[in-house]
Structure formats: structure tokens, C-alpha cells
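# Chains, contacts and geometry: an overview
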Amino acid sequence: DYIKSQESFSYFLAAYVNRLKPEGVLSFVLPVSVLNVKAHQDIRRHLLENYTLKSVRLLDKKFSGVMTDSVILKVQNKKPLKSEKISIFSEESQIKVLQDNLLQTQYAEIPFKIGHLDAQIISRIEINAVDNLKSQADWGLGIVTGHNEHYIQQRKSDNTKPVLKGQDLFRFKVQKPSAHI
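Rules used throughout
Residues numbered from 1 in each chain as written. Predicted model: local features only at pLDDT ≥ 70, side-chain atom pairs only at ≥ 80, totals over all residues. Heavy atoms only, no water. Patch = residues over 30% accessible without salt bridge, like charges linked within 9 Å, V, L, I, M, F, W, Y side chains within 5 Å. Areas by Shrake-Rupley, 256 points an atom, 1.4 Å probe, with all protein chains shown as cover. Salt bridge = Lys/Arg side-chain N within 4 Å of Asp/Glu carboxyl O. Lys, Arg positive; Asp, Glu negative; His and termini not counted. Charge placed at Lys NZ, Arg CZ, Asp CG, Glu CD. Helix = DSSP H or I, 4+ residues; strand = E, 2+ residues; numbered from the N terminus. Buried < 20%, exposed > 50% of the residue type's maximum accessible area, 1.4 Å probe, protein only. Phe/Tyr/Trp six-rings, centres within 6.5 Å; stacked < 30°, edge-to-face > 60°. Lys NZ or Arg CZ within 6 Å of the ring centre and 35° of its normal. Pairing = 2+ DSSP bridges. Axes fitted to C-alpha atoms, helices over the stretch in contact; angles between N-to-C directions. Contact = heavy atoms within 4.5 Å. Parallel < 35°, antiparallel > 145°, perpendicular 65-115°, else oblique. Left-handed = near helix turned anticlockwise from the far one by under 90°. Nonpolar A, V, L, I, M, F, W, Y, C, P; charged D, E, K, R; others polar.

### A closer look at a positive patch on the surface
- Together, Lys54, Arg57, Lys74 and Lys96 give the surface a local cluster of positive charge.
- Locating lysine 74 in the fold gives a position in strand β3 (residues 70-76).
- With relative accessibility at 35%, the residue lysine 74 sits in the partly exposed group.

See the structure below:
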């Protein structure tokens, strides 16, 4: 009942991983769309929440007559640990991504076709345990006060909150907020 997409491979995948013995491992060849298409978020969430994804390997167009790329998805019947990492292989690179982090994205997408530079950046972020802004910030595409001189201040006070402007943001760096509301 958690398969909302009604995709046959999702039903097939769910049926077989549910039959795995404890610690059993199963590999599937699937269309690459299983990794990032919104309609398949149901099966991705089910797998990410209940099983350990051992690896994802991009195959490109390996099958004659098949117009889409394929992937090999290797799943183990073991509840994932918070520190569990998935090995993702493409022709260009291999990266390891925290499985729990993928559940934090809106559609539980699994990254693929990551270039060497992307893999290095992701690796550095995870190694350095960088804080992110999730649950630490409110986002808006702009603030319209109708009276900026009254509401926007250059200095922090007890009853203001910091506001980051575009001029405060740089590649890999955030400056102290230049305004408060």
C-alpha cells in the first residue's frame, strides 16, 4: 500500500526485498529513473528507511533496444544505521553518500552521474561534518516590509533577527549578516 506510483518494477522490488532473509543481499537492474523521478519516491523511501543500500552502479545504455540508462541497485535486508553510506559508482567517479541524508531530501533522490569535482566536494563536506541550515533558518525569496527604514536595521538588537542578503553570500562562505529585521 506504500507503492503509490503503481510501477511494476516498484511492486517487484518491494516484493523481493520483503522476502529476503535477514542480512540477505539482492541486486536489481532497474531504469535510472528509480533514482530521481518524483513518481518513484515511494519505493526509494521504503528502501532507504528499511534496508541498507550497499551500492548503486550506473550502467548507461547497456541494453540494445532500451532507450534509457540503467542502474544496478544492491540492497541488504538490514536496518540502516545513521552512519550507513551508499557507494555510488558512475563511469567518472565513485562516491559514498550517507543513506540517512538522502531521506532528508524532499523526494529521497539518489545522486548519480556525479563528476570528479562534485565527488570531491561531497567528500569534503561529509569528512568535515559541516553544519547545514536545515532546522536552523527560515527561508524567503525576499522581504517586503513596505517601510525598510523602519524595519531593517544595520545592527543587531534584542528584538531583531539576522537577514542574509545576496551580498553576504560567497562561494563556500557566508559572511556575517549585514542587516537585521
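### Some remarks on the packing of aromatic side chains
- Considering all chains together, one arrives at two aromatic pairs under this definition.
- Here phenylalanine 12 and tyrosine 16 contribute two aromatic rings whose centre-to-centre distance is 4.7 Å and whose plane-to-plane angle is 45°, an arrangement assigned as tilted. Pair noted here: phenylalanine 12 and tyrosine 16 are both in helix α1 (residues 8-19), with a separation of four residues, about one helical turn.
- Each ring, one from phenylalanine 12 and one from phenylalanine 28, has its centre 6.2 Å from the other, and the planes form 85°; the classification is edge-to-face. Here phenylalanine 12, found in helix α1, pairs with phenylalanine 28, found in strand β1 (residues 25-31); they are 16 residues apart in sequence, far enough to count as distant.
- A relative accessible area of 44% means that phenylalanine 12 is categorised as partly exposed.
- Residue class for phenylalanine 28 comes out buried when judged on its relative accessible area of 6%.
- Members of the aromatic cluster, connected to one another through ring pairs, are Phe12, Tyr16 and Phe28.
- The ring of tyrosine 16 carries arginine 19 above its face, with NZ or CZ at 5.8 Å from the centroid.

### Here we look at a nonpolar patch on the surface
- Taken together, the side chains of Val29, Phe63 and Val66 present a nonpolar region at the surface, about 240 Å² in accessible area.
- Looking at where valine 29 falls in the secondary structure, it is placed in strand β1.

### So, the pattern of salt bridges
- Throughout the structure, instances matching the rule amount to two salt bridges.
- Residue glutamate 84 pairs with lysine 78 through a salt bridge whose shortest N-O separation is 3.9 Å.
- Under the relative-accessibility criterion, glutamate 84 is labelled buried at 13%.
- Taking the relative accessible area as the measure of exposure, lysine 78 reaches 24% and is therefore partly exposed.
- Among the salt bridges present, the one from aspartate 100 reaches lysine 82, with a minimum N-O distance of 3.7 Å. Placement of aspartate 100 in helix α4 (residues 99-103) and of lysine 82 in the loop between β3 and β4 (85-89) is noted, with a sequence separation of 18 residues between them.

### Some words on the sheet that holds β1
- The strand order across the open sheet built from five strands is β1-β3-β2-β4-β5, with neighbouring strands paired in mixed fashion. Every interior strand has two partners, whereas the edge strands, β1 and β5 (94-98), have only one. Shown here is a sheet whose adjacent strand axes are inclined to one another by a mean of 20°, direction ignored.
- Examined bridge by bridge, β1 and β3 share seven bridges and lie antiparallel to one another. Opposite valine 25, over in β3, you have glutamine 76 as the bridge partner.
- Packing of α1 onto the sheet brings it into contact with β1 and β3, and relative to β1 it is tilted by some 175°.

### Considerations on the packing of α1 against helix α3 (residues 41-50)
- Relative orientation of the contacting elements α1 and α3 amounts to 15°, with a least axis distance of 10 Å. The orientation of α1 relative to α3 falls into the category roughly parallel. As for how α1 packs across α3, the hand of that crossing is left-handed. Across the interface between the two elements, Ser10, Leu13, Ala14, Val17 and Asn18 of α1 pack against Ile43, His46 and Leu47 of α3.
- Split into classes, the residues belonging to the contact of α1 with α3 amount to five nonpolar, three polar and no charged.

Geometry only, nothing functional implied.
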